[in-house]
Amino acid sequence: MHLKRWLTSLVLVPVIVFSLFLGGRHLFPLFVALICALSLREYYRIVCPDGEDRLFRTISVWGVGMGPILVLSAHFLPLPWLLVFFSISLILPAWMCMR
């Protein structure tokens, strides 16, 4: 288990350094959004490994999609758009749970 984590860190450290120092101001937020989507996907796989609940599957797809959108809108768009996307990301799953 720890060997996989060490290998992953050895591979990703050069990618992070490249995106920070050589990638410019647009590559790093894209990298963070990609990491956000991958980590949310992994989180939802751990929380519900079977995926039998249709509502949970829908909310997990919504979360994996909205996470990077929130990260990118925080970097590229003005604050009102971030608030709009944040509100949508909270209200729509709550509405889906009430149905």
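Above this text sits the structure in question.
Residue positions within a chain follow its written sequence, with the count starting from 1. This being a predicted model, a pLDDT of at least 70 is required before a residue's local features are given, and a value of 80 or more before pairs of side-chain atoms are given or counted; all residues contribute to the totals for chains, interfaces and linings. Just so you know, side-chain values use all the structure's heavy atoms and leave hydrogens and water out.

A.B. asks: Can you break down the pattern of salt bridges residue by residue, with the values?
C.D. replies: Just to be clear on terms, a salt bridge is a Lys or Arg side-chain nitrogen sitting within 4 Å of an Asp or Glu carboxyl oxygen. With the rule as written, the count across this model stands at one salt bridge. Taking the shortest distance from any N to any O, the salt bridge between Glu 42 and Arg 45 comes out at 3.6 Å. Separated by three residues within a single helix, Glu 42 and Arg 45 lie in helix H2 (residues 24–47), roughly one turn from each other. Since its relative accessible area comes to 34%, Glu 42 is described here as partly exposed. Arg 45 gets classed as partly exposed once you look at its relative accessible area, which sits at 47%. Helix and strand definitions follow DSSP, with helices as H or I runs of at least four residues and strands as E runs of at least two, each counted in order from the N terminus. In this scheme, a residue with accessible area under 20% of its type's maximum is buried, one over 50% is exposed, and one in between is partly exposed, where area comes from a 1.4 Å probe on protein chains only.

A.B. asks: Give a description of the packing of aromatic side chains that names residues and reports values.
C.D. replies: Only rings of Phe, Tyr and Trp enter the pairing, Trp through its six-membered ring, and a pair is recorded when the two centres are within 6.5 Å. The plane angle decides the type: under 30 degrees is stacked, over 60 is edge-to-face, the rest tilted. Counted under the stated rule, the structure contains three aromatic pairs. Where Trp 81 meets Phe 85, the ring centres are 6.2 Å apart and the plane angle is 35°; that geometry is what we call tilted. With a gap of four residues between them, Trp 81 and Phe 85 both fall in helix H4 (residues 79–98), about one helical turn apart. Classification of Phe 85 as partly exposed rests on a relative accessible area of 23%.

A.B. asks: Please provide a residue-by-residue account of the side chain of Ser 19, values included.
C.D. replies: Within the secondary structure layout, Ser 19 lies in helix H1 (residues 2–22). Think of a polar contact as two N or O atoms within 3.5 Å of one another; within protein, one of them needs to be a possible hydrogen donor and the other a possible acceptor, and neighboring residues in sequence only count if both atoms come from side chains. A polar contact of 3.0 Å, which involves the side chain of Ser 19, links it to the backbone oxygen of Ile 16. In this analysis, two residues are considered to be in contact whenever any of their non-hydrogen atoms come within 4.5 Å of each other. Once you skip the residues sitting within four places of it in the chain, Ser 19 turns out to touch Gly 24, Leu 27, Phe 28 and Phe 31.

A.B. asks: Can you lay out the packing of H1 against H2 for me, pointing to particular residues and giving the numbers?
C.D. replies: Interaxial angle, 0 to 180 degrees, is taken between N-to-C directions of lines fitted to C-alpha atoms, where a helix line uses only the stretch in contact. Between H1 and H2, the shortest axis-to-axis distance is 7 Å and the interhelical angle comes to 145°. Contacts between H1 and H2 involve Val 15, Ile 16, Phe 18, Ser 19, Leu 20 and Leu 22 from the former and Gly 24, Leu 27, Phe 28 and Phe 31 from the latter. Among the residues making up the contact of H1 with H2, the classes are represented as eight nonpolar, two polar and no charged. Residues are grouped as follows: nonpolar covers Ala, Val, Leu, Ile, Met, Phe, Trp, Tyr, Cys and Pro; charged covers Asp, Glu, Lys and Arg; every other residue, Gly included, is treated as polar.

A.B. asks: Can you lay out the side chain of Ser 89 for me, pointing to particular residues and giving the numbers?
C.D. replies: Here Ser 89 shows up in helix H4. Judged by its relative accessible area of 13%, Ser 89 falls in the buried class. Within the structure, Ser 89 has its side chain in polar contact with the backbone oxygen of Phe 86 (distance 2.7 Å). When neighbours within four sequence positions are excluded, Ser 89 is seen to be in contact with Trp 62, Met 66 and Leu 70.

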